[in-house]
Amino acid sequence: MRKLFIPLFSLAVVVSCGTAKNAADAGGTQSSSVAKGDKAFLAAYKEIKAEDLKKNLYVIASDEMEGRDTGSPGQKRAGEYMVNYYKGLGISYPKALGSYYQKVPSDFMKKRGGGNLPDSENILAFIEGSEKPEEIVVISGHYDHVGTRNGVVYNGADDDGSGTVAVMEIAKAFQAAKKAGNGPKRSILFLHVTGEEHGLFGSEFYTDNPVFPLANTVVDLNIDMIGRDDPENRGKQYVYVIGSEMLSSQLKVINETANKKTNNLELNYKYDDPNDTERLYYRSDHYNFAKNNVPVAFFFDGIHEDYHKPTDDVEKIDYNLLAKRTQLVFTTAWEIANRPERIVVDKK
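Residues numbered from 1 in each chain as written. Predicted model: local features only at pLDDT ≥ 70, side-chain atom pairs only at ≥ 80, totals over all residues. Heavy atoms only, no water.

All right, on to the packing of aromatic side chains then. Counted by the stated rule, this structure contains 20 aromatic pairs. Ring centres of Phe41 and Tyr45 lie 5.4 Å apart, and the angle between their planes is 45°; this geometry places the pair in the tilted category. One end of the pair, Phe41, and the other, Tyr45, are both in helix H1 (residues 39-45), four residues apart, so they sit about a helical turn from each other. Among the residues examined, Tyr45 registers a relative accessible area of 13% and is labelled buried. Centre to centre, the rings of Phe126 and Phe212 are 4.8 Å apart; their planes meet at 25°, and the pair counts as stacked. (Phe/Tyr/Trp six-rings, centres within 6.5 Å; stacked < 30°, edge-to-face > 60°. Helix = DSSP H or I, 4+ residues; strand = E, 2+ residues; numbered from the N terminus. Buried < 20%, exposed > 50% of the residue type's maximum accessible area, 1.4 Å probe, protein only.)

This paragraph deals with the pairing of strand E7 (residues 217-223). Every regular strand shows the same layout, with side chains that alternate between the two sheet faces. When you tally the buried positions in E7, you get seven out of seven residues, the bulk of the element. Across five bridges, the pairing between strand E3 (residues 132-142) and E7 is parallel. Bridging across to E7, Ile136 finds its partner in Thr217. Here E7 runs beside strand E10 (residues 296-300); their pairing, made up of four bridges, is parallel. (Pairing = 2+ DSSP bridges.)

To continue, consider the sheet that holds strand E1 (residues 101-104). The strand order across the open sheet formed by eight strands is E1-E2-E6-E3-E7-E10-E8-E9, and the pairing between neighbours is mixed. Of all the strands in the sheet, the pair left with one neighbour each is E1 and strand E9 (266-268). Ignoring which end each strand starts from, the neighbouring axes of this sheet average 25° apart. Across three bridges, the pairing between strand E8 (residues 238-242) and E9 is parallel. Within E9, the residue paired with Tyr240 across the bridge is Asn268. Here helix H5 (residues 157-179) sits on the sheet and contacts strand E2 (120-127), E3, strand E6 (186-193) and E7; the angle it forms with E3, its principal contact strand, is near 150°. Across the sheet, helix H7 (residues 201-208) is in contact with E1, E2 and E6; its angle to E1 comes to roughly 105°. (Axes fitted to C-alpha atoms, helices over the stretch in contact; angles between N-to-C directions. Contact = heavy atoms within 4.5 Å.)

This part covers the environment of Phe108. Position of Phe108 among the secondary structure elements: in helix H4 (residues 106-110). Residue classification places Phe108 among the buried residues on the basis of a relative accessible area of 10%. It is 9.0 Å that separates the C-alpha atoms of Phe108 and Asp119, two residues lying eleven residues apart in sequence. Those residues in contact with Phe108 that sit more than four places away from it in its chain are Phe201, Glu204, Phe205 and Asp208.

Following Asp159, the chain continues to Asp160 via a peptide bond in cis, the omega torsion being -10°. Note on placement: Asp160 falls in helix H5. Despite not being glycine, Glu66 shows a phi value in the positive range, around 55°. Within the secondary structure layout, Glu66 lies in the loop between helix H2 (50-60) and helix H3 (73-89). Of note, Met225 is a non-glycine position whose phi angle comes to about 75°, a positive value. By the secondary structure assignment, Met225 is in the loop between E7 and E8. Taking relative accessible area as the criterion, Met225 reaches 0% and is therefore assigned buried.

On to the nonpolar core. Counting residues in each nonpolar core, the largest one holds 66 residues, and the members touching the most others are Tyr86, Ile139, Ile170, Phe174, Phe190, Phe299 and Phe330. Ranked by residue count, the leading element in this core is helix H10 (residues 319-338), at eleven residues. The contact partners of Ile139, leaving out residues within four places of it in the chain, are Val167, Ile170, Phe174, Ile188, Leu189, Phe190, Leu191, Leu221, Ile223 and Ala333. Ranked by size, the runner-up nonpolar core spans 30 residues in total, among them Ile136, Leu189, Tyr240 and Ile242. (Core = buried A, V, L, I, M, F, W, Y, C linked by side-chain atoms within 4.5 Å.)

Right, dumping it as structure tokens:
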């Protein structure tokens with residue numbers, strides 16, 4: 001997650017932190033495909049495993065990747081590993097893009113305060129929907145980190161290695177469903193963005209140059225740091241969810257319903273408060289979708305003692321909790337991808 005923050009606009013966003021509306025009123029439970037007896041969902045859900053998340057994270061956040069700084073050789077090695085992973089699963093890229101890579105030019109980042117960063121790439125994998133392929137559900141996470149400083153590698157296991165491997169694992173689950181004849185009705189874009197730590201550059205480039213029209217983009221579920229706990233919630237089974245009711249009256253309800261039918265984590269809305277000094281709604285890649293009127297939910301574990309330090313290592317990840325949070329995002333995405341109607345955008 002981006003550490004240094006410059007407010008992107010001064011207008012306060014008013015958010016209700018009260019109890020969500022009844023799920024049926026907001027189009028939640030009555031049309032839910034996440035029923036306990038849904039064999040297709042359950043089979044895919046069980047594909048998300050702590051040991052597989054751990055296996056991938058031990059590669060993504062290894063010293064070999066040199067902290068994955070934007071455009072660095074280490075980041076490119078991490079990207080190659082991810083692309084080979086998708087190829088191995090039989091998940092392709094958007095046809096309109098022509099490859100898994102969307103180039104993010106150095107000049108684009110430089111004009112936005114990116115200094116002399118080299119060219120970098122977003123990585124996109126794609127599963128086409130069976131009934132509404134033109135409607136796109138985006139699941140995003142940034143795969144860059146802050147690199148190597150004074151010879152010390154900042155591995156970024158949580159930030160955002162955890163989100164990176166979660167997106168990969170969710171893709172595996174959807175692909176397993178597709179192979180079993182139960183692919184998503186809407187298309188799923190697995191979007192790994194670059195340049196987040198330097199200024200949300202990769203997600204800004206994507207939303208400025210979308211492969212699929214933003215008008216057809218149903219939601220962005222953004223995963224940035226979900227492998228640890230913060231001091232305030234030490235030992236709890238929780239996750240922060242940020243922004244889920246900013247633009248849509250349905251998204252928060254769908255996410256809460258999905259949570260209750262699966263791991264029933266404690267959903268913490270502390271950072272939905274517009275008066276919160278951390279202003280986290282504006283500090284990760286979902287914001288570039290939100291400012292384009294695409295509903296978003298940002299899944300986050302909090303600011304812990306190893307945030308942006310060289311001690312953010314794989315040994316400190318809680319893999320069981322990482323798996324539960326990944327399952328929650330998958331369940332939410334499954335419901336949004338398969339419900340009869342796309343979620344509404346009815347808030348500003």
